[in-house]
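For reference, the chains in residue letters:
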Amino acid sequence: MSLQSYMHRLEPRCKDDIVAAGDRRLALALREALFRRLPSERIAELLIENATRARLEVLSVLKIVAQLEDFALLDDHKRQLLIEDVANAVLGLGPLEQLLAESDVTEIMVNGHRKLFFERFGCIHPSEVCFNDDQQLRMVIDRILGPLGRRVDEQSPLVSARLSEGHRVNVVIPPLSLDGPILTIRKFREEVFSLSELVELDSLDSAGACFLRLAVLARKNMAVSGGTGSGKTTLLNALSLEIPAGERIITIEDAAELRFNMHPHVVRLESRARSAEGTGEVTIRDLVINALRMRPDRIIVGECRSGETLDMLQAMNTGHDGSLTTLHANSPDEVATRLTMMARYAMDLPVAVIEEQIASALDLVVQVDRLPSGARRVTGICQVARAADGGVQMEHLAQWDTRTQCYVWHQAPQWLSDVDSTGIISPEEVKAWLDLAGLS
């Protein structure tokens, strides 16, 4: 034992600390006594069947247990408070309850029962509260996954799922995780940000928002690229708000995160992981192929990460203009390489053939990045063109200048002047954008 630890043991603790420690010991003792009479697995089953009945049964057992000798010295008021606290901990989500209720918390990260962090406005903060032990954390995980028909155990120690509110959940337990159960929850707003709201948040400027709106109306195929947590899905949601109401949209996602509350004609598809028996898997690629038979005007793939990339590119090349997707890439110049690599998961085609597909399928790449301050920003908009050697060439239309802290527009795409004759976009709208971008 170190000298510092020894001296710390000798320091007298204040009365409040001793009382708090005593309360925790009583709560843990009451919880263990409850589980001996009503196992946690049975409580989880009751919660799935009927949450009201589950609470009544738990409270009934707790009241019986609280009359035992260990708790006899408590007065009635203290005993009732203890019963309520234990019931809330057993039936609720414990330390997660408050964080899930706060709208400005966007990510919750539990690294074992002792460490709980959350993200607010792009910055990570440690939580003042944590779980009592791994058992309580596992109970909360089971309570989250139970209503979703999913389970996590030593045979399936890794699970990704989606809550009814749309939040994304990922769980890893031992033996894969070395520090106890790991729980990550990414929260999503009920109402999506519009392009104008992203301008107010300084995620892009008015010229960028206007240009992206015109690109959606002109049915340009777009890919939003960026790193994890950079705001790709947020921007994809904002772009989807600009799709005309008369079009049929099919969304395809690994975990449904896109929100189409305002659009009247949306078909939402979600992939399915294989069961514990190894059957029943439906991949993103299966859904993309099936979507082509569902008369879509636009196909929106939440994220291209594997062989579905090839089918997405073919869909864009076969009349499904205006389709949208996201992918992980550090810059627009890496997008072609990433797409080529992922397309080859589906079929071992020559690189030149895939690059030709990319050049003819994609019209625009929008790069979003997460800044050191935690803010998310559109840092580049590129036009996709065919290079002289037959490959893919990224023509930079706009870039965020970190030195001047403003956007620099280099050029206007040719298609913007060509759409004047279609009646979709008026010459006045094009001129207004050119003035905003400083290109008139």
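Definitions and limits used
Residues numbered from 1 in each chain as written. Predicted model: local features only at pLDDT ≥ 70, side-chain atom pairs only at ≥ 80, totals over all residues. Heavy atoms only, no water. Axes fitted to C-alpha atoms, helices over the stretch in contact; angles between N-to-C directions. Helix = DSSP H or I, 4+ residues; strand = E, 2+ residues; numbered from the N terminus. Parallel < 35°, antiparallel > 145°, perpendicular 65-115°, else oblique. Left-handed = near helix turned anticlockwise from the far one by under 90°. Contact = heavy atoms within 4.5 Å. Nonpolar A, V, L, I, M, F, W, Y, C, P; charged D, E, K, R; others polar. Pairing = 2+ DSSP bridges. Phe/Tyr/Trp six-rings, centres within 6.5 Å; stacked < 30°, edge-to-face > 60°. Lys NZ or Arg CZ within 6 Å of the ring centre and 35° of its normal. Buried < 20%, exposed > 50% of the residue type's maximum accessible area, 1.4 Å probe, protein only. Arc of directions from axis to C-beta. Polar contact = N/O pair within 3.5 Å; in protein donor to acceptor, adjacent residues only side chain to side chain.

Lay out the packing of helix H12 (residues 308–316) against helix H14 (residues 351–361) in plain terms, naming residues and giving numbers.
Closest axis-to-axis distance for the H12/H14 pair is 9 Å, and the angle between their directions is 45°. Considering the angle they form, H12 stands oblique to H14. Here H12 runs over H14; the crossing is left-handed. Contacts from Leu313, Gln314 and Met316 in H12 reach Gln357, Ile358 and Ala361 in H14. Its residues placed into classes, the contact of H12 with H14 shows four nonpolar, two polar and no charged.

Give me the sheet that holds strand E7 (residues 222–226): which residues, what numbers.
Strand pairing in a sheet takes place through backbone hydrogen bonds and is either antiparallel or parallel in direction. Taken in spatial order, the nine strands make up an open sheet running E9-E8-E10-E11-E7-E12-E13-E14-E15, and their pairing is mixed. The open sheet has two edge strands, strand E9 (266–270) and strand E15 (406–409), and neither has a second partner. Between one strand axis and the next, the sheet turns through 25° on average, direction left out of account. Against the sheet, H14 contacts strand E13 (376–386) and strand E14 (392–401), and its axis sits at roughly 110° relative to E13.

Outline the sheet that holds strand E2 (residues 116–120), supporting the account with residue identities and numerical values.
Here six strands make up an open sheet; going across it, the order is E3-E2-E1-E6-E5-E4 and the pairing antiparallel. Across the chains shown, the open sheet's two edge strands, defined by having one partner strand only, are strand E3 (123–126) and strand E4 (158–162). On average, each strand axis in the sheet is inclined to that of its neighbour by 15°, with strand direction left out of account. Relative to strand E6 (residues 182–186), strand E5 (residues 168–172) runs antiparallel, the two being bridged by five bridges.

Quick one: what's the story with the packing of aromatic side chains, residue by residue and with numbers?
Throughout the structure, instances matching the rule amount to five aromatic pairs. Ring geometry for Trp409 against Trp433: centres 5.2 Å apart, planes inclined by 85°, an arrangement best described as edge-to-face. Placement of the pair is Trp409 in strand E15 and Trp433 in helix H16 (residues 427–437), with a sequence separation of 24 residues. Taken together, the ring pairs in this structure connect Phe211, Trp409, Trp415 and Trp433 into an aromatic cluster. Over the ring of Trp400 we find Arg377, and its NZ or CZ is 3.9 Å from the ring centre.

How would you explain helix H3 (residues 40–49) if you had to name every residue and give the values?
Regarding H3, the residues found buried are Ile43, Leu46 and Leu47. The buried residues of H3 occupy an angular sector of 100° when the element is viewed end-on, so they sit on one face.

Any chance you could break down the environment of His265 for me, citing the residues and the numbers?
Among the structural elements, His265 can be located in the loop between strand E8 (249–253) and E9. The class of His265 is partly exposed, set by a relative accessible area of 35%. On a C-alpha basis, the gap between His265 and Arg42 in space is 42 Å, while along the polypeptide they are 223 residues apart. Sequence-distant contacts of His265, that is, excluding residues within four places in its chain, are made with Glu247, Arg248 and Ile249. Here Arg248 takes part through its side chain, which lies 2.9 Å from a polar atom of the side chain of His265.

Describe the environment of Asp311, naming the residues involved and giving the relevant values.
Position of Asp311 among the secondary structure elements: in helix H12. Judged by relative accessible area, which is 7%, Asp311 ranks as buried. The contact partners of Asp311, leaving out residues within four places of it in the chain, are Arg285, Val288 and Ile289.

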